[in-house]
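Inside the fold
Chain by chain, the residues:
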Amino acid sequence: MIEARHLTKTFRDKRRGEIRAADDISFHVSPGQIYGLLGANGAGKTTTLRLLATLLKPTGGSATVAGFDVARQPEKVRANVGFLAASTALYGRLTAREMIAYFGKLNGLPDAEIRGRTKRIADELDMHEFLDRRCDKFSTGMKQKTSIARTLIHDPAVMIFDEPTLGLDVMTARAIVKFVRECRNRGKTVIYSTHVMSEVEKLCDTIGIIHGGKLMAEGTLAGLRATHGEQDMEEIFVKIVGAEDAK
Amino acid sequence: MNWTNILTVYLKELKDSLRDRRTLISMVVIPTIAMPGLFALVAFISFKVASEVAATAPTIMVIGGDDSPRVRGALIAHPTVKVLPIAGAWKQQIADKQLRAAVELPAGLDAALERGESPGITVYNYDGEMRSGRAVQEVRAFFSAYAETIVVARLGERGLTPAAIKPLVVKTENVAPPEKVGGNVIGGFIPYFFLILAFTGAMYTAMDLTAGEKERGTMETLLCSPVGRGDIVVGKFLMILTASLGTVACSLVSMGVTLTVGGALLVQKIGAAGTAAATRSADRFSAMMTLDPLGLIGVLGMLLPMVVLFSAALFAISLLAKNYKEAQTYVSPLIIVILMPAMIGMLPGVELNWRLALVPVLNVSLASKELVSGVWHWDLLALIFGSSCVYAAVALWLAVKMFNREDVIFRA
């Protein structure tokens, strides 16, 4: 479960002064649910997700992830989170197996369990062919599968995806979307950020539209359509964000 | 602090680094092959040039002296110089290194000597030029010997022996053991080399494990794990320390082999001539190559906190950079910061005292110079070791602080 309460993050910039990258954001994600965080580039999606993954510390508000407070129990939060982003890369000089085992060990798993889980995940993701090859020789698809395996090795209750399909070809992006859906089916709490409207429509149970660090609107796809009188997600997004920009 | 996590991070970094060709080059190839190879080459070339200079009689010209056939004849017949006939502008020839020296004999030299006078002879040379220097040395040796025979003859005419003008004979004899002599001669270079190798050994790995990881995007991946930031810092720091110590160890072994095998060969070659001068040179060179093993262990002990300081400081500085290139810009000028105090430590006359014992790098450089000569100032050594440990701890603390700063880790 994820619970964000008035989550705020400010940065100081020499030229622009104080920047509120996440501004008073509150939302709730239950197990077995995918929460889509939809926003343009620079809207505050990555900052919000990094706050939840405890990579950043909030300057205001609070959040609990899997029952642990992000500010007070960051290590426990991370032990229950699988974080996958376009910016989380693989160690090129390690093999896929070594990469997965490294994160298993960092999560405190014994060797025998790591071996067993690696085999299971490799079966599921069809990774056996390249499991013992170095990551720097991988195709994008192989890299994504290895990254997914890395996030799954400790079987986290919460999955955080930050634009995981960014820059991927159609087939690899589809595989990622399928994997996210499977996470929900397994009862995991999922939060998924993107700026691709179609992904949100296909995938998310609840959608939060973020703009300028603020959560502008929230609801199910059907609820948002009803509220804003539009069927197309892009039109809904433009209506919400455009109204804010017009102010 | 969780040592299991630290070990996990360390072992992964070790495996990763050992698979990196650039790390292997900086840690193994440069200290074991390139550096000793370079030293051996320089020693070989220097020896070859010196042997060549010693084997060839320098060319000189004799100006004047046509009315003094005795002196002129003896000089021309002297086997260690080759007298050329006067031709062209001899001063220009010396400057152009075509001629090594010219000897100007005054008019009526033989006659003046017979009268018991003390006429002056001028030797023209090229200051600082090796072969010209040797020509001057040979000419001086010839005239000293020639003057000696005249003195003996003059004293004989007066019924005196040479002892009349040389009542005392002063001779010097070395009583310091060879390792102390060696320590004094090359002791200054030992810490200089090790400090530079320790620094360069840590440099590449520090940049790769910090700015390199940020650039490749693996830093964020690592931070997603539940391992504490402090554990990650210590694990990475231990790898940088390993790289630095590995470089020093590799260079220590290769230098030891180079000095033992190469030095013995060189001593054998120098002494091969069998002359007294050659034996003296061989003995001197042999003494230079002898170092106090206990002193060397002392040097390594003093270097240890310095290596920790380098590793932690390089970690903290490289972490500031957002990519490898930027890290190189920050770190490369630091070599000068290390070189300068290490070089000051090599200067003759700069002695270790309480104030200098607190200056990082210089203190270890000066202490090492004394240690390899067998001088142990325990109080100053304790101060140097202690202060170096404090500096190293501060640098490590700074590295942990930096690693916890979001603006440093997520700097884009």
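Residues numbered from 1 in each chain as written. Chains lettered and ligands numbered in written order. Predicted model: local features only at pLDDT ≥ 70, side-chain atom pairs only at ≥ 80, totals over all residues. Heavy atoms only, no water.

What to know about the sheet that holds strand β9 (residues 206-211) of chain A
Residues and elements named next belong to chain A. For clarity, the threshold we go by: One bridge is not enough; two strands pair if DSSP finds at least two bridges between them. Numbering goes from the N terminus for both helices and strands, where a helix is a DSSP run of H or I of at least four residues and a strand is a run of E of at least two. Axes here mean lines fitted to C-alpha atoms, for a helix over just the part in contact, with angles spanning 0 to 180 degrees between N-to-C directions. Contacts are residue-level and defined by heavy atoms, with any inter-residue pair within 4.5 Å sufficient.
Spatially, the six strands line up as an open sheet ordered β6-β7-β8-β3-β9-β10, and their pairing is mixed. Here the strands that pair on one side only, and so sit at the sheet edges, are β6 (81-85) and β10 (214-219). On average, each strand axis in the sheet is tilted by 15° relative to the strand beside it, whichever way the strands run. Relative to strand β8 (residues 189-194), strand β3 (residues 34-38) runs parallel, the two sharing five bridges. Paired with Y35 across the two strands is I191, which belongs to β8. Sheet strands in contact with helix α5 (residues 140-152) are β6 and β7 (158-162), and its direction is about 160° off that of β6.

Thoughts on the domain arrangement of chain A
Residue and element names in this part refer to chain A. Formally: In this document the domain limits rely on a domain assignment from an automatic tool or a database. Defined in terms of a 1.4 Å probe, buried area is the accessible area two parts forfeit on being brought together, summed over both. Salt bridge, as applied in this entry: a Lys or Arg side-chain nitrogen positioned within 4 Å of an Asp or Glu carboxyl oxygen. Within 3.5 Å is the distance limit for a polar contact, defined as a pair of N or O atoms, with the added protein rule that one can donate a hydrogen and the other accept it, and that residues adjacent in sequence qualify only through two side-chain atoms.
Domain parsing of chain A yields domain 1 (2-80 + 158-246) and domain 2 (92-155). The C-alpha centroid of domain 2 is placed 26 Å from the C-alpha centroid of domain 1. For the pair domain 1 and domain 2, the two sides together bury roughly 810 Å², of which 63% comes from carbon and sulfur. Looking at the side of domain 1 facing domain 2, the largest losses of area belong to F179, R186 and K188, adding up to 41% of the total buried there. Note that K188 and D155 form a salt bridge whose closest N and O atoms lie 2.8 Å from each other. Linking domain 1 to domain 2 there are two residue pairs in polar contact (both at pLDDT 80 or more).

Here's the deal with the interface of chain B and chain A
Put simply, the test is: Gly is put with the polar residues, along with every residue not named as nonpolar or charged; the nonpolar set is Ala, Val, Leu, Ile, Met, Phe, Trp, Tyr, Cys and Pro, and the charged set is Asp, Glu, Lys and Arg.
At the junction of the two partners, chain B supplies 25 residues and chain A supplies 27 residues. At the boundary of chain B with chain A, total buried surface from both sides reaches about 2,600 Å², with 53% on carbon and sulfur atoms. A per-residue breakdown of the area chain B buries against chain A is headed by R19(B), P226(B) and E406(B), which together make up 24% of the total. The partner of E220(B) in a salt bridge is R50(A), with the nearest N and O atoms 2.8 Å apart. Linking chain B to chain A there are 13 residue pairs in polar contact (both at pLDDT 80 or more). The set of elements that each furnish at least two residues to the side of chain B that touches chain A consists of α1 (3-18), α8 (189-216) and α9 (218-223) of chain B. Here the side of chain B that touches chain A takes six residues from α1(B), the largest share from any one element. Class assignment of the residues belonging to the side of chain B that touches chain A gives a composition of seven nonpolar, seven polar and eleven charged.

A closer look at the confidence of the model for chain B
Residues and elements named next belong to chain B. Here is the rule we go by: A score between 0 and 100, pLDDT records how confident the predictor is in each residue.
Summarising the model, chain B shows a mean pLDDT of 85, and 91% of its residues fall at 70 or more. Put simply, helix α11 (residues 276-288) is where chain B has its lowest mean pLDDT, 63, and α1 is where it has its highest, 94. Listed scores for the predicted complex are pTM 0.80 and ipTM 0.90.

Notes on the pairing of strand β1 (residues 2-13) of chain A
All names here are of chain A. As judged from the five bridges shared by β1 and strand β4 (residues 60-65), these two strands associate in the antiparallel manner. Each bridged residue has a counterpart across the sheet, and for R5 the counterpart in β4 is S62. Judged from the nine bridges that link them, β1 and strand β2 (residues 17-29) form a sheet pairing that is antiparallel. Its bridge partner being in β2, T10 is matched across the sheet by R20. Connecting β1 to the next strand, β2, in antiparallel fashion are three residues.

Overview of a nonpolar patch on the surface
All names here are of chain B. Formally: Nonpolar side chains (Val, Leu, Ile, Met, Phe, Trp, Tyr) are joined into patches within 5 Å and like charges within 9 Å, using only residues with over 30% relative accessible area and no salt bridge. Areas reported here follow the Shrake-Rupley algorithm with a probe of radius 1.4 Å; residue values treat only the protein chains shown as occluding. Residue burial is assigned from relative accessible area. The probe radius is 1.4 Å, only protein chains are included, and a residue is buried under 20% of its type maximum, exposed over 50%, and partly exposed in between.
A cluster of nonpolar residues, L18, L24, I25, V28, V29, I30 and I33, forms a patch on the protein surface that exposes about 520 Å² of accessible area. Sorting elements by how many residues they give to the nonpolar patch places helix α2 (residues 21-55) first, with six residues. Secondary-structure assignment places I30 in helix α2. The exposure class of I30 is partly exposed, given its relative accessible area of 34%.

Things to note about the pairing of β3(A)
When a strand is regular, its side chains alternate between the sheet's two faces. All names here are of chain A. In terms of burial, β3 is a largely internal element, five of the five residues being buried. Alternating positions in β3 separate into two faces, I34, G36 and L38 on one and Y35 and L37 on the other, with burial throughout. Note: β3 against β9, four bridges, orientation parallel. For L38, the partnering residue across the bridge sits in β9 and is I209.

Re the packing of aromatic side chains
All names here are of chain A. What counts is decided by this rule: When two rings of Phe, Tyr or Trp (its six-membered ring) have centres within 6.5 Å they constitute a pair, described as stacked for plane angles under 30 degrees, edge-to-face for angles over 60, and tilted for the intermediate range. Consider the ring centre and the ring normal. A charge sits over the ring if Lys NZ or Arg CZ is within 6 Å of that centre and within 35 degrees of that normal.
Summed over all chains, the structure comprises 13 aromatic pairs over all chains. Centre to centre, the rings of F130 and F138 are 5.1 Å apart; their planes meet at 75°, and the pair counts as edge-to-face. There is no split in this pair, since F130 and F138 are both buried. Within the aromatic cluster, the residues linked to one another by ring pairs are Y91, Y102 and F103. The side chain of R150 reaches across the aromatic face of F103, ending 5.4 Å from its centre.

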